[in-house]
Amino acid sequence: MKTAMHRRVLLLGSLLLLGGCMRGGVPREVLRGPSPTGAITEEEFKALHTSPAQAPAVPQGQEVEVGGMKAYLSLPENAKAPLPAVLVIHEQWGLDAHIRHWVDRLAANGYAALAVDLYDGKVPTTAVQALALSRRLDPARTAQALKAAHAFLQEDVRVRAIRTGVLGWSVGGGWSLKAAMEIPELDAAVLYYANPVVTDVEALATIRASVLGIIAARDEVIRREDAWVLRDALDGAGVRHRIVELEGAHGFANPTDPGYDERSAAMAWAETSMFFEHHLRR
């Protein structure tokens with residue numbers, strides 16, 4: 001008998017095939033072999049994170065300053081401008097090693113990737129600290145920082161991005177949606193279990209980017225119904241979008257999170273990488 005997860009995997013595979021975003025009929029992230037673009041598989045991504053048996057992986061990018069804030073920039077190896085680019089917005093744990101691994105992962109997939117440190121160097125070690133820092137974010141200052149980061153990707157001589165996307169998780173996913181509202185030049189926005197989300201149709205109507213929303217079926221932080229309210233609001237605003245529900249709890253894509261789910265994380269990355277490929281490389 002097929003399990004619920006098995007049925008969901010089959011359904012998602014069918015949807016991807018229908019969407020015409022598949023190479024060779026199999027999402028690259030599900031494969032164990034090397035990708036021709038150098039993309040990091042979920043298995044490799046998980047291994048990058050610290051474990052008792054291994055030393056932390058060394059970040060491949062560099063620290064830069066953007067709009068008065070520190071940021072982390074990673075570029076594809078031997079790539080030349082102009083490059084497709086992704087603005088990365090960290091979750092409530094700040095610009096930690098995990099987010100740097102994500103930025104490097106995007107660079108390995110052919111994108112100039114930039115993560116802005118919205119916490120000014122603070123990296124929380126407890127959930128209480130993380131929640132406090134996320135709640136202290138000033139909306140106007142955060143929006144300005146994201147605009148400055150986007151301008152950096154367009155203007156820096158190493159990047160000179162013509163097409164740009166944004167990616168965020170949890171509180172960063174919420175800001176990914178807001179970035180799409182604030183920066184009309186964005187071509188694609190990806191939100192992993194975004195918290196909170198904007199559902200005002202008039203406010204969402206400013207979005208010109210295509211939106212990919214990834215939600216967790218067993219999310220204990222966000223009400224499942226809110227994701228479908230967002231879908232209806234995006235419909236009403238005339239925003240191109242795709243909402244994907246995967247197994248797992250809030251934070252399932254972070255290998256350092258207790259709720260990490262490797263299979264769902266791999267499927268989410270397959271969706272994300274193909275979404276960016278379609279909207280940022282065409």
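A. Fine view of the environment of Trp-169. You can see Trp-169 is positioned in strand β5 (residues 164-169). Of the residues examined, Trp-169 reaches a relative accessible area of 1% and is grouped as buried. Along the primary structure Trp-169 and His-250 are separated by 81 residues, whereas in three dimensions their C-alpha atoms are 9.5 Å apart. Setting aside its immediate chain neighbours within four residues, Trp-169 contacts Val-88, Ile-89, His-90, Glu-91, Ile-99, Trp-102, Tyr-192 and Tyr-193.

B. Local environment of helix α8 (residues 224-237). Counted at 1.5 Å a residue, the expected span for α8 with its 14 residues is 20 Å, and the 21 Å between its end C-alpha atoms agrees. Along α8, the positions that sit buried rather than exposed are Ala-227, Leu-230, Ala-233, Leu-234 and Ala-237. Mapping the buried residues of α8 onto a view down its axis gives an arc of 120 degrees, with all of them on the same face. Of the surrounding secondary structure, the elements contacted by the buried residues of α8 are α6 (171-182), β6 (188-192), α7 (201-204), β7 (210-216) and β8 (241-246).

C. Local environment of the pattern of salt bridges. Per the stated rule, a full pass over the model turns up twelve salt bridges. Taking the shortest distance from any N to any O, the salt bridge between Arg-141 and Asp-120 comes out at 3.1 Å. Linking Arg-141 in helix α5 (residues 139-155) with Asp-120 in the loop between β4 (112-116) and α4 (127-135), this pair joins segments that are 21 residues apart in sequence. A relative accessible area of 39% means that Arg-141 is categorised as partly exposed. In this structure, the salt-bridge partner of Arg-231 is Asp-232, at a minimum N-O distance of 3.6 Å.

D. Molecular detail of the nonpolar core. Leu-114, Val-116, Leu-118, Leu-204 and Ile-207 are the most contacted members of the largest nonpolar core, which totals 46 residues. Of all the secondary-structure elements, those providing two or more residues to this core are β1 (62-66), β2 (69-74), β3 (85-89), β4, α5, α6, β6 and α8. Look past the residues within four positions of Leu-204 in its chain and what remains in contact with it is Leu-177, Met-181, Val-198, Thr-199, Leu-230, Ala-233, Leu-234, Ala-237 and Val-239. Tyr-193, Ile-222, Ala-265 and Phe-276 belong to the second-largest nonpolar core, a separate cluster that totals 35 residues.

Cut-offs applied
- Residues numbered from 1 in each chain as written.
- Predicted model: local features only at pLDDT ≥ 70, side-chain atom pairs only at ≥ 80, totals over all residues.
- Heavy atoms only, no water.
- Helix = DSSP H or I, 4+ residues; strand = E, 2+ residues; numbered from the N terminus.
- Buried < 20%, exposed > 50% of the residue type's maximum accessible area, 1.4 Å probe, protein only.
- Contact = heavy atoms within 4.5 Å.
- Expected span 1.5 Å × (residues − 1).
- Arc of directions from axis to C-beta.
- Salt bridge = Lys/Arg side-chain N within 4 Å of Asp/Glu carboxyl O.
- Core = buried A, V, L, I, M, F, W, Y, C linked by side-chain atoms within 4.5 Å.

So yeah, pure geometry; function would need other evidence.
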